[in-house]
Amino acid sequence: MGKMRLHKFLAQMGVDSRRKCEKLITDGRVKVNGIIVTKLGSEVDVDKDRIEVDEQVVSKNIPKIYVILNKPKGFLCTHHDPFGRPTIYDLLKKIRYKLNYAGRLDLESEGLVFLTNDGELINHISHPKKEINKVYIVKVKGQVSDNNLKQLKKGIPITPFFTTNPCQVILLKKYRNNSLLKIIISEGKKRQIRKMFAYLGFQILELKRTEIGILKIDDLKPGQYRFLKEKEVKELNNFLENKQDKKGNIVLSNKETGLIITIDGPAAAGKSTIARELALKLGFNYINTGDLYRYVTYRAMAEKLDVNKAQEMNNLSRKIVNKYINETSYHDFVSHLQSITEKIHSPEINEKVSFVARHPSVRKNLIPLQRILIQDGSVVVEGRDIGTVVAPYADLKFFLTADQYTRAMRRFKELRDKGYDISFQEIEKEISSRDHIDSRRKAAPLVKSEDAILINTSNKNISQVIEEMLKIIKKFYGKNKWK
Ligand code: DC
């Protein structure tokens, strides 16, 4: 192998994707011969240099290792937690090599996690196309009815755009206050099981994964792990081979890669129309975060609150978010926003919304909601601070802009078509005032994220901009993976 780029080598060794390996380097988590290397593009001699990630050796000579772990509650599936909470790697300290896991379990869940430094196998086992069964034992509060079981089996709309596939559900035990179920799914959307039960109004008390494909947790105690035997690895490979498509290829479709695309920019730069169309073309979900700020404004006006009063806006936005998280499903909430779209895009709301969005507490309250909507990936999200604050980890970021005259003219035509009697001058004033407040406010002002791609839409029509963006997305995706 000799000399090669550091990030390329790490990716080849299965540490992570090339992009994420670059981030590991810039985050200062990679050492070469004991010295932290943060410069991208550095070359290493993979035969001679000692390369470490998070103090674990990565070498082309190390053996392939396969581990199954019984993750206890309270441990995170991550290589690195910025808040210093315990991670599964704290349980695997004795293993000196850099292992990756397939299929995350959230903090409160326990059970089977599979880890290996075999990059190829990790890709195979975690790929959605493989449709590998995962078995979960779930204890929920309350009595699960026959109708609930039917709904779970049939599929649950866990986001406005995604309904789970039919799955197997078995009611194992009915207690007076709780129910114990076994559920077998072959998808792996983030927090899928939790969302499925939340949709039906059940609180999950315990969630344990017991099987992934042919791997079983058996009698491993929480916190314990064991290495797979050679024979088991062979069986696992055989099992996975059979799950490949006819040519033996792993085929990625755009729906399954979980790409997060952000579009930020000033008012009337064309974000909404472009984001919606782009999402449609990619088969992605479309999320308009401006509508959340607009909804808070709409409610504030309906309740005759003062949009300049931070405390009132804090209470209102908290109330809305709590209701949404605890009582309402995604589906109902987003459908509700869609049903009042005319109302929340009225000139009155246009005029007031920036005052509401300016309050740090409102922004803070709305962020978790936005992240929940984004978390499953395969989304185009638009707003003002998505690439900078809400999803700084996004895969691809765009910043759309246009000169003020063009933007005012677009908004003027749009409102005129809707029948509003409003002058061009008034709109120009409103846009200029919103630009001012949105980009000068202290909390998450409108700025272009450093890594965002700037597109000026002034002299371009919608399809030209979309063409341009699609080209960039395809290039990013890589020809081979694009379908
Ligand atoms: O994109 P829009 O015009 O519908 O957004 C309405 C307002 O909401 C905008 O003036 C600023 C605010 N907003 C925000 O501050 N942060 C976001 N992520 C989205 C919108």
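Residues numbered from 1 in each chain as written. Predicted model: local features only at pLDDT ≥ 70, side-chain atom pairs only at ≥ 80, totals over all residues. Heavy atoms only, no water.

A. Fine view of the side chain of Asp106. Within the secondary structure, Asp106 sits in the loop between strand E8 (100–102) and strand E9 (110–116). For Asp106, a relative accessible area of 17% corresponds to the buried category. Separated by 2.7 Å, the side chains of Asp106 and Ser109 make a polar contact. Among the polar contacts listed, one links the side chain of Asp106 to the side chain of Arg194, at a separation of 2.9 Å. Ignoring any residue separated from it by four or fewer positions in sequence, one finds Asp106 in contact with Lys71, Phe75, Arg191 and Arg194. (Helix = DSSP H or I, 4+ residues; strand = E, 2+ residues; numbered from the N terminus. Buried < 20%, exposed > 50% of the residue type's maximum accessible area, 1.4 Å probe, protein only. Polar contact = N/O pair within 3.5 Å; in protein donor to acceptor, adjacent residues only side chain to side chain. Contact = heavy atoms within 4.5 Å.)

B. Inspection of the nonpolar core at higher detail. Core analysis: the biggest nonpolar cluster contains 36 residues, and Leu115, Val138, Ile183, Ile193 and Phe197 have the highest contact counts within it. Mapped onto this core, the elements with two or more residues apiece are strand E7 (66–71), helix H3 (88–91), E9, strand E10 (134–141), helix H5 (146–154), strand E14 (178–185), helix H6 (192–199) and strand E15 (204–212). When near neighbours in sequence (up to four residues on either side) are disregarded, Val138 contacts Ser179, Leu180, Leu181, Ile183, Ile193, Phe197, Ile204, Glu206 and Leu207. Judged by nonpolar contacts, the second largest core, of 34 residues, contains Val296, Ile320, Phe333 and Ile344. (Core = buried A, V, L, I, M, F, W, Y, C linked by side-chain atoms within 4.5 Å.)

C. Expanded view of the environment of Ile261. With respect to the helices and strands, the residue Ile261 is situated in strand E18 (residues 260–264). The spacing of Ile261 and Glu382 is 121 residues in sequence and 8.6 Å in space, taken between C-alpha atoms. Residue contacts for Ile261: discarding those within four places in its chain leaves Leu282, Phe284, Val379, Val380, Val381, Leu396, Phe398 and Ile473.

D. Here's a closer look at the domain arrangement of the chain. Examined at the domain level, the chain breaks down into domain 1 (3–57), domain 2 (133–212) and domain 3 (260–477). If you average the C-alpha positions of domain 2 and of domain 3, the two centres end up 34 Å apart. (Domains from an automatic or database assignment.)

E. Quick peek at the sheet that holds strand E21 (residues 396–401). The five strands lie next to each other as E19-E20-E18-E21-E22, forming an open sheet whose pairing is parallel. Each end of this open sheet is capped by a strand with a single partner; those strands are strand E19 (285–288) and strand E22 (453–456). With direction set aside, neighbouring strand axes in the sheet form an average angle of 20 degrees. In this structure, E18 lies alongside E21, joined through four bridges in parallel fashion. The residue bridging Ile263 from the neighbouring strand is Phe398, located in E21. With respect to the sheet, helix H14 (residues 360–374) is in contact with E18, E19 and strand E20 (379–383), its orientation differing from that of E20 by roughly 155 degrees. (Pairing = 2+ DSSP bridges. Axes fitted to C-alpha atoms, helices over the stretch in contact; angles between N-to-C directions.)

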